[in-house]
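# Coordinates in review
Each chain, written out:
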Amino acid sequence: MSTFRQTTQITIYTTLILLSTACFKENKIAIAPSIIPVPSEQVITRGVFTLNNNTKLTYDDSLKSIANFFKSYIENGSNIKLNTSSKNSIHFKIDTSISNDEGYQLKVTPNKILISAKSKKGAFYAFQSLRQLLPVDFEKPNTSNKTQIAIQCLEIRDNPEFEYRGMHLDVGRHFFSVDFIKKYINLMSMLKMNTFHWHLTEDQGWRIEIKKYPKLQEVAAYRDETLIGHYNEQPQKYDGKKYGGFYTQEEIKEVVKYASERQITIIPEIEMPGHSQAAIAAYPELGCTGKQVKVATKWGVFEDIYCSKESTFKFLEDVIDEVIELFPGKYIHIGGDEAPKTRWKECAHCQNLIKKEDLKDEQGLQSYFIGRMEKYINSKGKQIIGWDEILEGGLAPNATVMSWRGIKGAVEAAKQEHNVILTPGSHCYFDHYQSDNENEPLAIGGFLPLEKVYSFNPIPEELTKEESKYVLGAQGNVWTEYMQTPEKVEYMAFPRAIALAEVVWSSSKNKNYGDFVNRLEHFQKRLDLLNVNYANHLYEVKGELVSENGQLTYKLETTTEKKIIYSLDGTKPSYLLGFEYKKPIKINTDTNIKSAIFNTSKKQLGLIFEQNIKVHKAVGKQIFLNVAPDKAYNAGGKKALINGISGNDKRYGDKEWLGFSGEDLEITINFDTPTEINNISTRFYNGNGQWIYAPKTFNLELKLENGKIISSKNSIKNTGNLLVSFNLNISQWYPENEILKSTQLKITIPNYGVIEEGKQGAGHKAWTFIDEIIVE
């Protein structure tokens with residue numbers, strides 16, 4: 001690339017220096033460019049363009065709608081009225097030489113702003129970049145009285161890295177108004193996202209009007225009550241209130257039009273064969289038993305799924321016929337995930353169909369089910385997308401796979417030359433916790449901080465360059481079991497959706513997390529004026545325990561360049577009583593660190609970060625694992641098991657918990673010198689709703705200084721609580737009256753095994769999540 005390329009290492013502060021030079025002679029102040037997503041190429045040039053009542057707006061005919069969109073934004077956000085006769089002009093131009101259909105060029109000179117694009121899409125994205133060069137108060141109509149604005153001169157050439165840039169919203173678990181759906185779409189469009197995945201049907205509610213089947217609106221759209229609190233809390237409680245709603249076909253047309261004007265395609269999801277209990281509640285004959293069931297009132301996976309009868313296929317084809325008329329995009333999402341086969345195994349019709357079609361088993365029947373619906377949808381000129389379970393039993397010929405259970409499904413599908421969209425829970429599930437602060441609102445579990453989203457690479461390492469061409473892009477998923485209000489959705493989705501937007505739009509060569517944070521600080525001012533209830537974790541402190549040459553130290557850091565003040569005695573950090581952090585803190589005994597970020601006015605920003613460190617006998621020692629933790633749950637590495645820091649009491653996805661998918665675990669800890677051991681304790685996460693089960697046994701071997709090995713096999717008492725603790729007092733199982741000094745500790749923890757039928761994740765091996773191993 002020529003010298004035109006802007007490296008994103010140039011921070012906003014460097015840009016401000018350039019601007020102050022450029023703007024001084026003009027005696028006008030322009031906003032420092034801090035565009036999100038960061039453009040492919042950007043160069044700041046000398047001077048400013050003055051936007052005022054003398055500015056002329058012109059456009060090529062095919063870009064009239066985009067130009068008018070821009071005009072409305074300017075005139076609603078200020079006292080500036082654009083005209084048609086002036087030397088100072090803004091022009092929207094079609095340029096067929098631009099290779100990418102969504103690409104654009106934006107050139108700002110003192111007398112003219114030229115927006116060049118190959119299509120409406122590119123012109124719209126150019127407007128979104130130009131929008132971020134304007135004052136933030138333009139975002140709130142009728143509040144700015146500005147009549148003249150300086151816009152920094154620059155040149156941008158920009159295009160997306162991926163063609164699919166999506167956000168998802170589940171309206172089945174909780175229902176949201178048309179007004180909020182529009183707000184959500186509008187926020188997506190600001191970020192140059194181009195696909196809204198609208199999850200419209202679920203066990204807990206059917207949300208789309210189907211005129212041929214009125215009971216879907218009358219029965220399936222409403223549930224009797226809703227679970228209170230977390231699924232894992234026992235006993236489960238309910239609110240006793242009827243809940244639901246649905247979108248009329250006219251409302252859907254209105255939303256589709258609104259999205260189209262913002263260059264966003266909507267993909268509707270009609271779940272099949274699983275997640276269909278609401279529909280079966282309305283029409284019991286769609287299920288295998290024919291018995292009446294209710295719309296689900298709690299979360300999870302349910303055994304009543306569509307039966308593979310001709311009448312069921314006729315129902316689904318009728319539904320698809322009406323759906324296709326409402327959504328002009330090329331895709332229909334048909335789900336395909338989490339479909340228990342219990343009913344099919346017991347159903348004479350399903351078993352006969354397996355024999356008739358010479359299918360291997362119920363997985364083969366799922367493949368038949370998906371394949372048959374794909375043929376019908378293809379015959380209507382559409383293509384299907386399904387969750388990665390549609391790979392089971394054989395992939396439908398023209399299907400696109402949405403890989404959510406890690407990246408394995410994406411790799412498998414791409415190697416079979418199928419298009420894939422990455423949406424792994426590890427990086428793209430925005431229903432997970434985003435901070436380890438204790439006051440975070442209730443979430444399903446997990447831990448997905450902003451920086452981890454930003455680090456995501458949608459191209460799996462396992463793919464060749466040729467195979468990677470089948471990766472269309474990535475999508476953020478917002479499942480709403482624990483999001484009852486629009487404000488909660490906003491809190492969980494933003495700013496993580498902003499980070500993902502840069503992942504899928506910007507070149508990896510231009511990405512830099514520190515620079516992104518600087519730009520995000522500015523972007524959040526726009527969100528403030530748009531009344532977006534985003535989560536602001538930019539001013540949080542992070543910490544890490546480090547062992548070097550036998551000395552433990554604790555390192556504090558922040559993504560901003562502001563000061564960290566800390567205390568070591570559990571008191572609230574302050575400028576008067578705390579210490580300014582300058583180098584890692586030495587840790588020689590149990591310590592309680594509290595820290596916070598402060599600005600130059602000595603005002604605390606964000607929340608207090610607190611870390612308790614227990615310096616037990618295994619901290620800093622050598623540790624070995626027979627299997628590596630799953631990549632999604634290995635943030636702290638194996639050292640997290642003996643770093644003196646316990647994991648969060650409410651969530652399993654932080655960097656202190658390690659997660660293992662189905663494997664038996666063997667942990668070996670070596671001591672530098674023979675060490676007296678009196679007690680060993682740890683704890684396991686037991687979130688059965690997330691397929692996580694505490695193990696049943698904990699086996700121990702101690703290698704003594706004389707070479708003798710003593711062992712103990714212990715049962716773990718599972719009380720059904722979310723956290724299951726294990727504590728072993730050595731004297732209880734080794735009553736010999738002697739001091740035990742060990743050189744090695746070996747722990748073996750067999751996996752729980754296969755999850756039983758009727759439970760979440762049935763048929764799969766359970767996950768094991770283990771916390772700090774405390775040796776005293």
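Check the entry above for the structure.
Description of the structure in this document. (Residues numbered from 1 in each chain as written. Predicted model: local features only at pLDDT ≥ 70, side-chain atom pairs only at ≥ 80, totals over all residues. Heavy atoms only, no water.)

### Some details on the sheet that holds strand 27 (residues 585-587)
Note: strands within a sheet are paired through backbone hydrogen bonds, in either parallel or antiparallel orientation. Which entries qualify depends on this criterion: A pair of strands is treated as paired once DSSP finds two or more bridges between them. Counting from the N terminus, the helices are DSSP H or I runs at least four residues long and the strands are E runs at least two residues long. Note on method: axes are straight lines fitted to C-alpha atoms, helices fitted across the in-contact stretch only, with angles between N-to-C directions ranging 0 to 180 degrees.
In spatial order, the strands read 23-24-27; together these three strands make up an open sheet with antiparallel pairing. Edge positions in the open sheet fall to strand 23 (542-548) and strand 27, since each of these has one partner strand only. The mean inter-strand angle of the sheet, taken between neighbouring strand axes irrespective of direction, is 30°. Of the strand pairs in this sheet, strand 23 and strand 24 (residues 551-557) are connected by seven bridges, and their pairing is antiparallel. Bridge pairing links Lys 542 to Glu 557 in strand 24.

### Concerning helix 8 (residues 310-326)
Heads up, the condition is: An expected span of 1.5 Å times one less than the residue number is assigned to each helix. Note on classification: 1.4 Å probe, protein chains only; a residue is buried when its accessible area is under 20% of the maximum for its type, exposed when over 50%, partly exposed between these limits.
Between its terminal C-alpha atoms helix 8 stretches 25 Å, which fits the 24 Å expected from 17 residues at 1.5 Å a residue. Burial within helix 8 is extensive, with twelve of its 17 residues counted as buried. Where helix 8 is concerned, the buried positions are Thr 312, Phe 313, Phe 315, Leu 316, Glu 317, Asp 318, Val 319, Ile 320, Glu 322, Val 323, Ile 324 and Leu 326.

### Observations concerning empty space enclosed by the protein
Heads up, the condition is: The rule is simple: put a 1 Å grid over the protein atoms alone, call a set of points where a 1.4 Å probe fits but cannot get out a cavity, call an open set with protein on both sides within 12 Å along at least five of seven lines a pocket, and count a residue as lining if it has an atom within 4 Å of a point. Grid points are joined across faces, edges and corners, and a volume is the space filled by probe spheres set on the points. Each residue receives one of three labels: charged for Asp, Glu, Lys and Arg, nonpolar for Ala, Val, Leu, Ile, Met, Phe, Trp, Tyr, Cys and Pro, and polar for the others, Gly being one of them.
Counted according to the given criterion, the structure contains two cavities of 30 Å³ or more. Of the pockets and cavities examined, the second largest cavity occupies roughly 40 Å³. In this structure, the second largest cavity is lined by Asp 431, Leu 442, Ala 443, Ile 444, Trp 479, Glu 481, Tyr 482, Met 483 and Met 492. Taken together, the residues that form the lining of the second largest cavity break down as seven nonpolar, no polar and two charged.

### Quick notes on the pattern of salt bridges
Let me state the cut-off plainly: Each salt bridge in this description consists of a side-chain nitrogen of Lys or Arg and a carboxyl oxygen of Asp or Glu lying within 4 Å of one another.
Throughout the structure, instances matching the rule amount to 33 salt bridges. The salt bridge partner of Glu 261 is Arg 262, with a shortest N-O separation of 3.5 Å. Relative accessible area serves as the criterion here: at 35%, Glu 261 is assigned to the partly exposed category. A relative accessible area of 10% places Arg 262 in the buried class. Between Glu 467 and Lys 415 there is a salt bridge whose closest N-O contact spans 3.0 Å. Linking Glu 467 in the loop between helix 14 (450-454) and strand 22 (471-476) with Lys 415 in helix 12 (residues 408-415), this pair joins segments that are 52 residues apart in sequence. Of the residues examined, Lys 415 reaches a relative accessible area of 45% and is grouped as partly exposed. Among the charged side chains, a network of salt bridges with common partners joins Asp 170, Arg 173, Glu 202 and Glu 481.

### Thoughts on helix 17 (residues 513-529)
Definition in use: The bend at a residue is defined as the angle formed between two axes, one fitted to the seven residues ending at that residue and one fitted to the seven starting there. N or O atoms closer than or at 3.5 Å make up a polar contact, with two conditions inside protein: a donor-capable atom paired with an acceptor-capable one, and, for residues adjacent in sequence, both atoms drawn from side chains.
Here helix 17 spans 24 Å end to end across 17 residues, near enough to the 24 Å set by a 1.5 Å rise per residue. Most pronounced at Glu 521, the bend in helix 17 amounts to some 30°. Counted residue by residue, helix 17 has 13 buried out of 17 residues, so it is predominantly covered. The residue sitting at the N-terminus of helix 17 and contributing the capping side-chain oxygen is Asn 512; that oxygen lies 3.1 Å from the backbone nitrogen of Gly 514. Once helix 17 finishes, Asn 531 follows within two positions and takes phi at roughly 60°, a positive value.

### Some remarks on the packing of aromatic side chains
What counts is decided by this rule: Each Phe, Tyr or Trp ring (for Trp, its six-membered ring) is paired with any other whose centre lies within 6.5 Å, and the angle between the two planes then decides the class: stacked below 30 degrees, edge-to-face above 60, tilted in between. Ring-over charges, as used throughout, are those where CZ of Arg or NZ of Lys falls within 6 Å of the ring centre and within 35 degrees of the ring normal.
All chains considered together, the criterion is met by 40 aromatic pairs. Seen from their ring centres, Tyr 306 and Phe 315 are 6.2 Å apart, and the 50° between their planes marks the pair as tilted. Each member of the pair, Tyr 306 as well as Phe 315, is classed as buried. Ring geometry for Trp 344 and Phe 369: centres 6.2 Å apart, planes at 25°, overall stacked. Remark: Phe 369 occurs in helix 11 (residues 362-379) and Trp 344 occurs in helix 9 (residues 342-346); sequence separation between them is 25 residues. For Phe 369, a relative accessible area of 0% translates into the label buried. It is Arg 372 that lies over the ring of Phe 313; its NZ or CZ is 4.1 Å from the centre.

### Considering the packing of helix 4 (residues 178-190) against helix 6 (residues 249-261)
For any two helices packed against each other, one specifies the crossing angle of their axes together with the interaxial distance. Quick note on the threshold: Any angle from 65 to 115 degrees is called roughly perpendicular, while one under 35 is roughly parallel, one over 145 is roughly antiparallel, and all others are oblique. Each helix crossing is assigned a hand: it is left-handed if the near helix lies turned anticlockwise from the far helix by less than a right angle, otherwise right-handed if that turn is clockwise. The contact criterion used throughout is that any non-hydrogen atoms of two residues lie within 4.5 Å.
One can describe the packing of helix 4 onto helix 6 by two numbers: an axis separation of 10 Å at closest approach and a directional angle of 15°. Taken together, the axis directions place helix 4 and helix 6 in an arrangement best described as roughly parallel. Along this stretch, helix 4 crosses helix 6, giving a crossing that reads as right-handed. Across from Val 178, Ile 181, Lys 182, Ile 185 and Asn 186 in helix 4, the residues of helix 6 making contact are Glu 251, Glu 254, Val 255, Tyr 258 and Ala 259. Split into classes, the residues belonging to the contact of helix 4 with helix 6 amount to six nonpolar, one polar and three charged.

### A short note on the sheet that holds strand 26 (residues 579-580)
Strand order across the open sheet formed by four strands is 26-25-28-29, with antiparallel pairing between neighbours. Whereas interior strands pair on both sides, the edge strands pair on one side only; in this sheet they are strand 26 and strand 29 (604-613). Taken together, the two bridges between strand 25 (residues 563-567) and strand 26 define a ladder with antiparallel strand orientation. Bridge assignment links Tyr 566 to a residue of strand 26, and that residue is Phe 579.

Function-wise, these values are silent; they only describe arrangement.
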